[in-house]
Amino acid sequence: MFFLFVLASADFISDINLLWGDERAKVSENGQLLQLSLDYTSGAGFQSKEEYLFGVIDMKIKVVPGNCAGTVTAYYLISEGDAHDEIDFEFLGNVTGEPYTLHTNVYTQGKGDREQQFRLWFDPRDDFHTYSILWNPQQILFSVDGIPIRVFRNAEGLGVPFPKSQPMRLYSSLWCADDWATRGGRVKIDWSNAPFMASYQGFQTDACVWLDGISSCSTTKGSWWDQSLDSEGVIKLKMVQEKYMIYNYCTDFNRFPQEFPPECALKP
Ligand SMILES: *[C@@H]1O[C@H](CO)[C@@H](O)[C@H](O)[C@H]1NC(C)=O
């Protein structure tokens, strides 16, 4: 662990709205477990009741097990409107025995195209793992089980907008994306394995809650507010990226033959 924060535990009854998919989104164990399922008719999704403008958010997720090529489990923060900000984790399913891809992206002012993808050091189908977002004015840090996998630094100095003025809500959904998710759409969902299910536990936040234009952090802020990776964290991040990153927009010459996006010049 590079940061140890005491996060308030939230629960899926008081802090989450089941958004779509009817009975395919369900909460049990006194609000401690949430499950989304996907069948031929529909997927399902939920959203946080609160909107946040900066914070640390942890969620334990166990992605769709078994033969689930073509499913996408998305877990993300997003603001409203056209020039939206967004911080994405997406789990792209695969056939039994083949690895999942963890896809990440960051949108600022409506512009994304900042994909980084990973093959995790474990199979996310086997168990719950903690996926965390630490979002403060300096950076967005993605971590898995407390290990940093990606940093999106504030590059306003280089002319890149940073998400800092639009509150975001947390969403997660499970749906069928067999048109693109698995091998560019060549592997279709095998519906004989439905319903597919993703499970969530351990929802915890220490965030600035935005309500009627006022941030709960205007008076007190958590210690995460001005944290960035320490040197040990940077070493760990580099190691993870060397071993587990399978795609990085910042090194994709085909896509950016002239020059890479400005934020790519920043070191973590
Ligand atoms: C599924 O597994 C194959 C074979 O290992 C791999 O090439 C492909 O990228 C995987 N698909 C996803 C969505 O990760």
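Residues numbered from 1 in each chain as written. Predicted model: local features only at pLDDT ≥ 70, side-chain atom pairs only at ≥ 80, totals over all residues. Heavy atoms only, no water.

Looking at an unreviewed UniProt entry, one finds the chain named Xyloglucan endotransglucosylase/hydrolase and attributed to Kingdonia uniflora. In its Function (unreviewed entry) section, UniProt records this for the chain: "Catalyzes xyloglucan endohydrolysis (XEH) and/or endotransglycosylation (XET). Cleaves and religates xyloglucan polymers, an essential constituent of the primary cell wall, and thereby participates in cell wall construction of growing tissues." (UniProt positions renumbered as here; feature names shortened; annotations may be inferred.)

Caption draft 1: How the structure looks around helix H1 (residues 231-244). Over its 14 residues, H1 extends 20 Å from the first C-alpha to the last, a length consistent with the 20 Å expected when each residue adds 1.5 Å. Residues of H1 that are buried in the fold lie against strand E12 (147-153) and strand E16 (245-248). (Helix = DSSP H or I, 4+ residues; strand = E, 2+ residues; numbered from the N terminus. Expected span 1.5 Å × (residues − 1). Contact = heavy atoms within 4.5 Å.)

Caption draft 2: Layout of the pairing of strand E4 (residues 33-38). Most of E4 is tucked away: six of the six residues are buried. Here E4 shows two buried faces, one formed by Leu33, Gln35 and Ser37 and the other by Leu34, Leu36 and Leu38. Relative to strand E14 (residues 196-211), E4 runs antiparallel, the two sharing five bridges. Each bridged residue has a counterpart across the sheet, and for Leu38 the counterpart in E14 is Phe196. (Buried < 20%, exposed > 50% of the residue type's maximum accessible area, 1.4 Å probe, protein only. Pairing = 2+ DSSP bridges.)

Caption draft 3: Just the pattern of salt bridges, in detail. With the rule as written, the count across this model stands at six salt bridges. A salt bridge links Asp39 to Arg24; the shortest N-O distance between them is 2.8 Å. Here Asp39, found in the loop between E4 and strand E5 (44-62), pairs with Arg24, found in the loop between strand E2 (16-20) and strand E3 (25-28); they are 15 residues apart in sequence, far enough to count as distant. With a relative accessible area of 23%, Asp39 lands in the partly exposed category. One salt bridge connects Glu115 with Arg255, and the closest N-O pair in it is separated by 2.8 Å. Of this pair, Glu115 sits in the loop between strand E8 (101-107) and strand E9 (116-118) while Arg255 sits in the segment after E16, placing them 140 residues apart in sequence. One network of salt bridges, in which partners are shared, links Asp113, Glu115 and Arg255. (Salt bridge = Lys/Arg side-chain N within 4 Å of Asp/Glu carboxyl O.)

Caption draft 4: Expanded view of the state of the cysteines. In total, this model carries two disulfides according to the counting rule given. Covalently, Cys208 is tied to Cys217 through a disulfide, its sulfur atoms 2.0 Å apart. Taking the sign of the S-S torsion, about -95 degrees here, the bridge from Cys208 to Cys217 comes out left-handed. Here Cys208 falls in the buried class, since its relative accessible area comes to 1%. The disulfide partner of Cys250 is Cys264, and the gap between their sulfur atoms is 2.0 Å. Judged by the torsion about the S-S bond (-80 degrees), the Cys250/Cys264 disulfide is left-handed. In this pair, Cys250 is assigned in the segment after E16 and Cys264 in the segment after E16, connecting sequence segments 14 residues apart. Taken in N- to C-terminal order, the disulfide-linked cysteines of the chain are connected 1-2, 3-4. (Disulfide = S-S within 2.5 Å.)

Caption draft 5: Fine view of the pairing of strand E10 (residues 129-136). For E10, a buried count of eight out of eight residues is recorded, marking the element as mostly surrounded by other parts of the structure. A two-sided burial pattern is seen for E10, the buried positions comprising His129, Tyr131, Ile133 and Trp135 on one face and Thr130, Ser132, Leu134 and Asn136 on the other. Bridge count for E5 against E10 is seven bridges, and the pairing is antiparallel. Bridging across to E10, Met59 finds its partner in Tyr131.

Caption draft 6: Seen up close, the nonpolar core. Residues Met59, Leu77, Trp135, Ile140, Tyr200 and Phe203 are the most contacted members of the largest nonpolar core, which totals 65 residues. In terms of residue count, E5 provides more of this core than any other element does, nine residues in total. Here Trp135 is in contact with Tyr52, Leu53, Phe54, Gly55, Leu77, Ile87, Ile140, Phe162, Pro163, Gln166, Met168 and Trp224, once residues within four sequence places are set aside. (Core = buried A, V, L, I, M, F, W, Y, C linked by side-chain atoms within 4.5 Å.)

Caption draft 7: Region of interest: the site of the ligand. Around the ligand, the structure places ten residues, and the nearest of them are Asn94, Glu98, Pro99, Thr101 and Arg119. One of the side-chain nitrogen or oxygen atoms of Glu98 is found 2.7 Å away from an oxygen atom of the ligand. Note that an oxygen atom of the ligand is positioned 2.4 Å from one of the side-chain N or O atoms of Thr101. For the ligand, whose accessible area on its own is 360 Å², the fraction buried by protein is 73%. Of the residues assigned to the shell around the ligand, the class counts are four nonpolar, three polar and three charged. (Near = heavy atom within 4 Å. Polar contact = N/O pair within 3.5 Å; in protein donor to acceptor, adjacent residues only side chain to side chain. Areas by Shrake-Rupley, 256 points an atom, 1.4 Å probe, with all protein chains shown as cover. Nonpolar A, V, L, I, M, F, W, Y, C, P; charged D, E, K, R; others polar.)

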